[in-house]
Amino acid sequence: MHEATSQGRDWSSLPADLLRKVLARLPWSSHPSFAATCAHWRSAVSPFYPSWITPVLLSAANVGSTNLRLYSPYYHKNFELDQTLASPGAKLCCARGHRVMLYHRVGDDNVVVVANLLTGDILDLYLPECTSFNFVVYDYDGDREMLFGVDAHVVLQAARSVRSGDGEGWCAWEFPELWAEGSELTASPVTNPVLHRGLLYLLGAGGRLAVHDDSRHDEGFRILDMPKGFGIECDDCYLFESDEGELMAVLMGHNGSPVHVVRLNEERMEWEKADSLKGRSLFTGTLTTMMVKTGVKWMQDKVFTPRLYDWPETISVELVEREGELAFVPISTRTEQYGGACGKSIWACGLGPQQTSKFWETINFDYSIWVDFSS
């Protein structure tokens, strides 16, 4: 009797198909512990690449109409999604979680596209005739979703479309009643407007700011008198909100050197230079910029931009969610999984003139945005 019971509890002899069914119900983060149990259990664990280790670069590949490709700085690999979005030539604007916002033209119409990376579903939100956007920003507060479209060329204004949490469709675009006769701000073409403490900020040349209060939507943008300048010469500047809720900007000189980070002192309304990233990583160089805490040691106190020293391997994958965790799962089971690339394949630097270098001999990752799947 004792021998039969002992044999019945021999978990290492469970069939592989049953082990795979168990794995399908477990979060991705538990798979390494599952594989460490024994050799038989390890054989049931298929390769996968966690998507939450660091932000990834999302771009449109030259396959199909808009095949999406995501580059991981940690693995130095491209992960190409299996599904194709029917939005050829779309401009990638911003992303939150697995939702991506694009902007493109359909015939004579301008369209904002909301795409779901998990399902491949897309939703087209057509703009009124003779209107266009330079930037699109997405926000979600738990009760409703909101899209802001910003025109920053001739007339500085922001339109919005709202979707309530009850699952109903998006409302028609709302434009402010009071339009400025002309733009008093030369907007930075490389940084999306940023939501900060419920307000929408737009960065202009020399560090000037425009702000839009959604609760006073009809009043449009307001140009702030200060701050008027960074005090630092730069070719490109990128606005972002830090992981600690500060409004900050990255300033990059010619060909990537030097690199400075400044924060807005909202009491004195002055830009102040930051001397350290405090162990965090900063991902910039696209319309979206983000600062994140990281446990990857070689990524701490580094600034990353989409410049590659060599073109990475491309793996066809599915983006799969389990228990709120997303991972890239190779379509071919023969794909092996490797550790991190140790920062040798993407341009990165610290702060200060002694820690930055030029973009020499790097490949530009065009038309990409940073996406953080950990949020």
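Look up a bit, the structure's there.
Structure report, in brief. (Residues numbered from 1 in each chain as written. Predicted model: local features only at pLDDT ≥ 70, side-chain atom pairs only at ≥ 80, totals over all residues. Heavy atoms only, no water.)

Before going further, it helps to spend a moment on the nonpolar core. By size, the foremost hydrophobic cluster in this structure holds 55 residues, and its most contacted members are Leu58, Val150, Leu156, Leu202, Phe221, Phe328 and Phe373. Formed by 16 residues, the second largest nonpolar core is a distinct cluster that contains Val259, Ala274, Val303 and Cys349. (Core = buried A, V, L, I, M, F, W, Y, C linked by side-chain atoms within 4.5 Å. Buried < 20%, exposed > 50% of the residue type's maximum accessible area, 1.4 Å probe, protein only.)

Our focus in this paragraph is unusual backbone geometry. Of the consecutive residues Met226 and Pro227, the connecting peptide bond is found in the cis state with omega at 0°. Mapped onto the elements of the fold, Pro227 is located in the loop between strand E15 (221-223) and strand E16 (236-241). In the segment running from Ser257 into Pro258, the intervening peptide bond is cis, with an omega of -5°. We note that Asp301 has phi near 60°; this positive angle belongs to a residue other than glycine. Residue Asp301 is classed as partly exposed on the basis of its relative accessible area of 33%. (Helix = DSSP H or I, 4+ residues; strand = E, 2+ residues; numbered from the N terminus.)

Here we take up the state of the cysteines. Tallying each qualifying case throughout the model produces 0 disulfides. Its sulfur unpaired, Cys234 is 4.9 Å from the next cysteine sulfur, which belongs to Cys237. (Disulfide = S-S within 2.5 Å.)

It is worth spelling out the sheet that holds E15 at this point. The 4 strands are arranged E12-E13-E14-E15 in an open sheet whose pairing can be described as antiparallel. Each end of this open sheet is capped by a strand with a single partner; those strands are strand E12 (194-196) and E15. Ignoring which end each strand starts from, the neighbouring axes of this sheet average 35° apart. Bridge count between E12 and strand E13 (residues 199-203): 3 bridges; the pairing is antiparallel. Paired with His196 across the bridge in E13 is Leu199. (Pairing = 2+ DSSP bridges. Axes fitted to C-alpha atoms, helices over the stretch in contact; angles between N-to-C directions.)

Moving on, we come to the packing of aromatic side chains. All chains considered together, the criterion is met by 17 aromatic pairs. On the basis of an interplanar angle of 35° and a centroid distance of 4.8 Å, the ring pair of Trp28 and Phe48 is categorised as tilted. Taken together, the residues Trp28 in the loop between helix H2 (16-23) and helix H3 (31-35) and Phe48 in the loop between helix H4 (39-43) and strand E1 (49-50) connect sequence positions 20 residues apart. Assessed through its relative accessible area of 3%, Trp28 is described here as buried. Exposure remark for Phe48: the relative accessible area of 6% places this residue in the buried category. Judged by centre distance (4.8 Å) and plane angle (75°), the rings of Trp347 and Phe359 are edge-to-face. Of the two residues, Trp347 is situated in strand E25 (residues 346-349) and Phe359 in the loop between E25 and strand E26 (363-364); the sequence distance between them amounts to 12 residues. Given a relative accessible area of 0%, Trp347 falls into the buried group. (Phe/Tyr/Trp six-rings, centres within 6.5 Å; stacked < 30°, edge-to-face > 60°.)

Attention now moves to the environment of Val154. Along the chain, the position of Val154 falls in the loop between strand E10 (144-151) and strand E11 (157-164). As a C-alpha pair, Val154 and Ala16 span 138 residues in sequence and 63 Å in three-dimensional space.

So, about the sheet that holds strand E18 (residues 259-265). The 4 strands are arranged E16-E17-E18-E19 in an open sheet whose pairing can be described as antiparallel. Each edge of the open sheet is held by one strand with a lone partner, namely E16 and strand E19 (270-274). Pairwise comparison of adjacent strand axes, ignoring direction, gives a mean angle of 30° for this sheet. Here strand E17 (residues 247-252) pairs with E18 via 5 bridges, running antiparallel. What sits directly across from Met252, in E18, is Val259.

Attention now goes to the pattern of salt bridges. Throughout the structure, instances matching the rule amount to 15 salt bridges. Salt-bridge contacts for Arg69 lead to Glu80; the nearest nitrogen and oxygen are separated by 2.8 Å. With a gap of 11 residues between them, Arg69 in strand E3 (residues 67-72) and Glu80 in strand E4 (residues 77-84) connect regions that are remote in the sequence. In this pair, the class of Arg69 matches that of Glu80, namely buried. (Salt bridge = Lys/Arg side-chain N within 4 Å of Asp/Glu carboxyl O.)

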